Amino acid sequence: MTVPVRSTSGPSSTGRGRYPTPADGGGKGTGPHDDDRLDPVFVATLRTSITKLARSQRAERQRDPRALPFSLISALSTLQRMGPLTPTQLARLEGVRKPSMTRALATLIEGGLAIKENDEYDGRQFIVRISDKGLSAVAESRRVVDGWYSRRLSQLSRQDLADLMRAGGALARLADETS
């Protein structure tokens, strides 16, 4: 698959880090789709920004002493989204080994956040589903993080917010392609 790319001529001098367009005085060779190379500065900036946001988001969530570790919230979110799963299925979706998921599930079940049930199709297996308490924990975690994002976003200029809103769809597609 060919990825839309940008020439290595760097971002515009507008101070907002966006690429120049013909209207900005940028001509041939300055748009994001003009050649076959990704601008390494753009790639590094995007990676660094996403990593910093993810760390800050996790740190905000963990400021609450009652907050669950990210790995447990992630497993609960997957159960919420996908429905009941076997430990093996959940481990595969979460990208962890089965022994790690077994320990995580024991914690979730013990805390009443997930429920272990017999698999009606295979008596040798069990499935796990999220409980009402688990749904509440996921909702609270999202509320905390959404509040943090709202506070951060409210500090941006109208132009930065407009730029982010335009980029939101592309970021969502990028995230969907990597999951």
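Values in this document were obtained by computation on a predicted structure and should not be read as measured data.

The next point concerns the side chain of Arg61. Looking at the secondary structure, you find Arg61 in helix H1 (residues 40–62). One buried charge, Arg61, has no salt-bridge partner; the nearest side chain with opposite charge is Asp146, at 8.1 Å. Here the side chain of Arg61 touches Ser141 through a polar contact of 2.5 Å, side chain to side chain. Apart from the residues lying within four places of it in its own chain, the contact partners of Arg61 are Ala67, Leu68, Phe70, Ile73, Ser141, Val144 and Val145.

As a further point, take helix H5 (residues 132–153). Along an α-helix, a turn takes 3.6 residues, which lines up residues three or four apart on a common side. Counted at 1.5 Å a residue, the expected span for H5 with its 22 residues is 32 Å, and the 31 Å between its end C-alpha atoms agrees. Considered for burial, the residues of H5 that qualify are Gly134, Ala137, Val138, Ser141, Val144, Val145 and Trp148. Down the axis of H5, the buried side of the element spans an arc of 125 degrees, and every buried residue falls inside it. Check the buried side of H5 and you find it contacts H1, helix H2 (70–82) and strand S2 (126–130).

As a packed pair, H2 and helix H3 (residues 87–94) sit with axes 10 Å apart at the nearest point and diverge in direction by 115 degrees. Taken as axis vectors, H2 and H3 run roughly perpendicular relative to one another. The handedness of the crossing between H2 and H3 comes out as right-handed. Residues Ser71, Ser74, Ala75, Thr78, Leu79 and Met82 of H2 pack against Leu90, Leu93 and Glu94 of H3. Grouping the constituent residues of the contact of H2 with H3 by class yields five nonpolar, three polar and one charged.

We now examine the pattern of salt bridges. Applying the stated criterion across every chain yields a total of five salt bridges. Glu117 serves as the salt-bridge partner of Arg129, at 2.6 Å between the closest nitrogen and oxygen. Taken together, the residues Arg129 in strand S2 and Glu117 in strand S1 (residues 114–118) connect sequence positions 12 residues apart. Of the residues examined, Arg129 reaches a relative accessible area of 31% and is grouped as partly exposed. Exposure remark for Glu117: the relative accessible area of 27% places this residue in the partly exposed category.

The tally for this structure, following the rule as stated, stands at one aromatic pair. Ring geometry for Trp148 against Tyr149: centres 4.8 Å apart, planes inclined by 75 degrees, an arrangement best described as edge-to-face. Given the relative accessible area of 25%, Tyr149 is considered partly exposed. Here the guanidinium or amino end of Arg58 rests over the ring plane of Phe70, the centre of that ring lying 3.9 Å away.

A cluster of nonpolar residues, Leu38, Phe42 and Val43, forms a patch on the protein surface that exposes about 230 Å² of accessible area. Inspection of the secondary structure puts Val43 in helix H1.

Our focus in this paragraph is the nonpolar core. Nonpolar side chains in soluble globular proteins tend to be buried together. Membership of the largest hydrophobic core comes to 19 residues, with the highest contact counts inside it found for Leu68, Leu76, Leu90 and Leu108. Elements with a minimum of two residues in this core: H2, H3, helix H4 (98–110), S2 and H5. Setting aside its immediate chain neighbours within four residues, Leu90 contacts Ala75, Thr78, Leu79, Leu85, Met101 and Leu105.

Turning to the environment of Leu161, a few remarks are in order. The residue Leu161 is located in helix H6 (residues 158–178) in this model. Judged by its relative accessible area of 27%, Leu161 falls in the partly exposed class. When residues no more than four places from it in sequence are discounted, the contact partners of Leu161 are Leu153 and Leu156.

You can see Ala59 is positioned in helix H1. Sequence separation between Ala59 and Val145 is 86 residues; the distance between their C-alpha atoms is 9.5 Å.

Reading the values: the criteria
Residues numbered from 1 in each chain as written. Predicted model: local features only at pLDDT ≥ 70, side-chain atom pairs only at ≥ 80, totals over all residues. Heavy atoms only, no water. Helix = DSSP H or I, 4+ residues; strand = E, 2+ residues; numbered from the N terminus. Buried < 20%, exposed > 50% of the residue type's maximum accessible area, 1.4 Å probe, protein only. Lys, Arg positive; Asp, Glu negative; His and termini not counted. Salt bridge = Lys/Arg side-chain N within 4 Å of Asp/Glu carboxyl O. Polar contact = N/O pair within 3.5 Å; in protein donor to acceptor, adjacent residues only side chain to side chain. Contact = heavy atoms within 4.5 Å. Expected span 1.5 Å × (residues − 1). Arc of directions from axis to C-beta. Axes fitted to C-alpha atoms, helices over the stretch in contact; angles between N-to-C directions. Parallel < 35°, antiparallel > 145°, perpendicular 65-115°, else oblique. Left-handed = near helix turned anticlockwise from the far one by under 90°. Nonpolar A, V, L, I, M, F, W, Y, C, P; charged D, E, K, R; others polar. Phe/Tyr/Trp six-rings, centres within 6.5 Å; stacked < 30°, edge-to-face > 60°. Lys NZ or Arg CZ within 6 Å of the ring centre and 35° of its normal. Patch = residues over 30% accessible without salt bridge, like charges linked within 9 Å, V, L, I, M, F, W, Y side chains within 5 Å. Areas by Shrake-Rupley, 256 points an atom, 1.4 Å probe, with all protein chains shown as cover. Core = buried A, V, L, I, M, F, W, Y, C linked by side-chain atoms within 4.5 Å.

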